[in-house]
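# Analysis of the macromolecular model
The residues making up each chain are set out below.
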Amino acid sequence: MATELQERVWKKLKQIPQGKVVSYAELARAVGNAQAVRAVASAVGKNTKLITIPCHRVVRSDRSVGKYAKGEKKKIALLKKEGVRITDGKVDRESFVNL
DNA sequence: GCTCTGACGATTT
DNA sequence: GAAATCGCCAGAG
């Protein structure tokens, strides 16, 4: 089972459309814990259901892709494959979605 | 119940 | 502009 944070975070992750990404800060705000960005990030990291939950669509607020269980490079490749425009490791602003 | 840690953020050096 | 520092909340030991 999962903690309350994880359930909330994962639920938001599922709302992210393909080809779009969201920053941890935005995600934290979406779950109602704008200041708990660390806790939210941890919750995302606890995610093991990489198939059920598109945790790779979460990036950092400075537009860097951030980390990934399979590796950052894999994350970038996956995002680009979904239609997210990434330039030099930075996600394009147009690829960000507002929750 | 206290302490440490973390897929981060903003600020300062 | 990049690297280091402090601060934030939640979960685990």
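Okay, so let's go over this structure. Everything quoted here is computed from the prediction, not taken from an experiment. (Residues numbered from 1 in each chain as written. Chains lettered and ligands numbered in written order. Predicted model: local features only at pLDDT ≥ 70, side-chain atom pairs only at ≥ 80, totals over all residues. Heavy atoms only, no water.)

This part takes up the protein's contact with DNA strand B. Residues in contact with DNA strand B amount to 15 residues; listed here are only the nearest, Arg38, Gly45, Arg60, Ser61 and Lys67. Sugar and phosphate atoms represent 40% of those atoms of DNA strand B found within 4 Å of the protein. One nitrogen or oxygen atom from the side chain of Arg38 is found 3.0 Å from a base nitrogen belonging to DNA strand B. Where the surface near DNA strand B is concerned, the elements lending two or more residues are helix H2 (24-30) and helix H3 (37-46). The element that contributes the greatest number of residues to the surface near DNA strand B is H3, accounting for 7 residues. For the surface near DNA strand B, the residue count by class is 8 nonpolar, 3 polar and 4 charged. (Near = heavy atom within 4 Å. Polar contact = N/O pair within 3.5 Å; in protein donor to acceptor, adjacent residues only side chain to side chain. Helix = DSSP H or I, 4+ residues; strand = E, 2+ residues; numbered from the N terminus. Nonpolar A, V, L, I, M, F, W, Y, C, P; charged D, E, K, R; others polar.)

All right, on to the protein's contact with DNA strand C then. Every residue near DNA strand C is listed here: Thr3, Glu4, Leu5, Asn33, Gln35, Ala36, Arg38 and Ala39. Counted by atom, the contact set of DNA strand C within 4 Å of the protein is 56% sugar and phosphate. With respect to DNA strand C, the side chain of Arg38 contributes an N or O atom lying 2.6 Å from a base nitrogen. Mapped onto the surface near DNA strand C, the elements with two or more residues apiece are helix H1 (4-14) and H3. A per-class count over the surface near DNA strand C returns 3 nonpolar, 3 polar and 2 charged.

So, on to unusual backbone geometry. Positioned with a positive phi, Arg63 is a non-glycine residue whose angle comes to about 75 degrees. One can find Arg63 in the loop between strand E2 (58-59) and helix H4 (72-82). The partly exposed category is assigned to Arg63, whose relative accessible area is 27%. One non-glycine residue, Asp88, lies in the positive phi region at around 55 degrees. Position of Asp88 among the secondary structure elements: in the loop between strand E3 (86-87) and strand E4 (90-91). (Buried < 20%, exposed > 50% of the residue type's maximum accessible area, 1.4 Å probe, protein only.)

Structurally, Ile53 can be placed in the loop between H3 and E2. For Ile53, a relative accessible area of 3% translates into the label buried. Each C-alpha atom of the pair Ile53 and Trp10 lies 6.4 Å from the other, and the pair is 43 residues apart in sequence. Apart from the residues lying within four places of it in its own chain, the contact partners of Ile53 are Trp10, Leu13, Lys14 and Asn47. (Contact = heavy atoms within 4.5 Å.)

Moving on, we get to the packing of H1 against H3. For the pair H1 and H3, the least separation of the axes is 9 Å and the interaxial angle reads 80 degrees. Our classification of the angle between H1 and H3 gives roughly perpendicular. Residues Leu5, Gln6, Val9, Trp10 and Leu13 of H1 lie in contact with H3, whose contacting residues are Val40, Ala43, Val44 and Lys46. The class makeup of the residues in the contact of H1 with H3 is 7 nonpolar, 1 polar and 1 charged. (Axes fitted to C-alpha atoms, helices over the stretch in contact; angles between N-to-C directions. Parallel < 35°, antiparallel > 145°, perpendicular 65-115°, else oblique.)

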